[in-house]
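Residues per chain are reported as follows:
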Amino acid sequence: MIRDAATAVQDTTTAIQAAQEAALGQLQDVGLTLDIGLTLAVVVVALVLFIWDRLRLDVVALIVLGLLLVLGLVSPEEAVQGFSNEATVTVALMLALSAG
């Protein structure tokens, strides 16, 4: 009985690995890599959240940044690099001034 369960788990694992390889093969046939697919998915999520307009824009931007970090599409250094740009600081200060 335990051997049957172990065999079933092993067969399922093999089937999942085969399905993943087939899916990646199909993506590569189209010219998509996994990183490109994930990036497109994050862009679609961002557009939906921006259009839905239930969350503030800055919250959506931070969600997108968090997704890119968690998915490994950007490094932590790349993620915070934009905050050192003068334009980003200027826009943030202008938003703070207009809110208060």
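Residues numbered from 1 in each chain as written. Predicted model: local features only at pLDDT ≥ 70, side-chain atom pairs only at ≥ 80, totals over all residues. Heavy atoms only, no water.

*Asks:* Residues and numbers for the overall build of the protein chain, please.
*Replies:* Looking only at helices and strands, one finds 5 helices and 0 strands in the protein chain. Of the regular secondary structure in the protein chain, the N- to C-terminal order runs α-α-α-α-α. Computed over C-alpha atoms, the radius of gyration of the protein chain comes to 21 Å, more than 25% over the 13 Å expected from 2.2 N^0.38 for 100 residues, which places it beyond the range of a compact globule. When the accessible surface of the protein chain is split by element, carbon and sulfur atoms take 68% of a total near 8100 Å². (Helix = DSSP H or I, 4+ residues; strand = E, 2+ residues; numbered from the N terminus. Rg over C-alpha atoms; globule rule 2.2 N^0.38 Å. Areas by Shrake-Rupley, 256 points an atom, 1.4 Å probe, with all protein chains shown as cover.)

*Asks:* Give me helix α2 (residues 34-52): which residues, what numbers.
*Replies:* The terminal C-alpha atoms of α2 lie 27 Å apart, and with 19 residues this matches the ideal 27 Å at 1.5 Å per residue to within 8%. What α2 keeps buried is the set Val42, Ala46 and Leu49. Along the axis of α2, the buried positions cluster into a sector of 65 degrees, meaning they face one direction only. Turned more than 90 degrees off the buried face of α2, the exposed positions are Ile51 and Trp52. (Expected span 1.5 Å × (residues − 1). Buried < 20%, exposed > 50% of the residue type's maximum accessible area, 1.4 Å probe, protein only. Arc of directions from axis to C-beta.)

*Asks:* Quick one: what's the story with the packing of α2 against helix α3 (residues 57-70), residue by residue and with numbers?
*Replies:* Running from amino to carboxyl end, α2 crosses α3 at an angle of 165 degrees, the nearest separation of the two axes being 10 Å. In terms of their interaxial angle, α2 and α3 are classed as roughly antiparallel. The way α2 lies across α3 gives a crossing that is right-handed. For the pair formed by α2 and α3, the contact residues are Val42, Val45, Ala46, Leu49 and Phe50 on the first element and Leu57, Val60, Ile63, Val64, Leu67 and Leu68 on the second. (Axes fitted to C-alpha atoms, helices over the stretch in contact; angles between N-to-C directions. Parallel < 35°, antiparallel > 145°, perpendicular 65-115°, else oblique. Left-handed = near helix turned anticlockwise from the far one by under 90°. Contact = heavy atoms within 4.5 Å.)

*Asks:* Please provide a residue-by-residue account of the nonpolar core, values included.
*Replies:* Of all hydrophobic cores here, the largest spans 7 residues; its members are Val42, Ala46, Leu49, Val60, Val64, Leu68 and Leu73. Contributing elements (two or more residues each) for this core: α2 and α3. Contacts of Leu49, omitting those with residues within four sequence positions, involve Leu55, Val60 and Ile63. (Core = buried A, V, L, I, M, F, W, Y, C linked by side-chain atoms within 4.5 Å.)

*Asks:* Describe the environment of Phe50, listing the residues and the values that go with them.
*Replies:* Topologically, Phe50 is positioned in helix α2. Apart from the residues lying within four places of it in its own chain, the contact partners of Phe50 are Leu57 and Val60.

*Asks:* Lay out helix α5 (residues 86-99) with the relevant residues and their values.
*Replies:* In this model, α5 (14 residues) spans 20 Å end to end at C-alpha, consistent with the 20 Å of a helix rising 1.5 Å per residue. With respect to burial, α5 is a largely exposed element, only 0 of its 14 residues being buried. Between a side-chain oxygen at the N-terminus of α5 and the backbone nitrogen of Ala87 the separation is 3.0 Å; the capping residue is Asn85. (Polar contact = N/O pair within 3.5 Å; in protein donor to acceptor, adjacent residues only side chain to side chain.)

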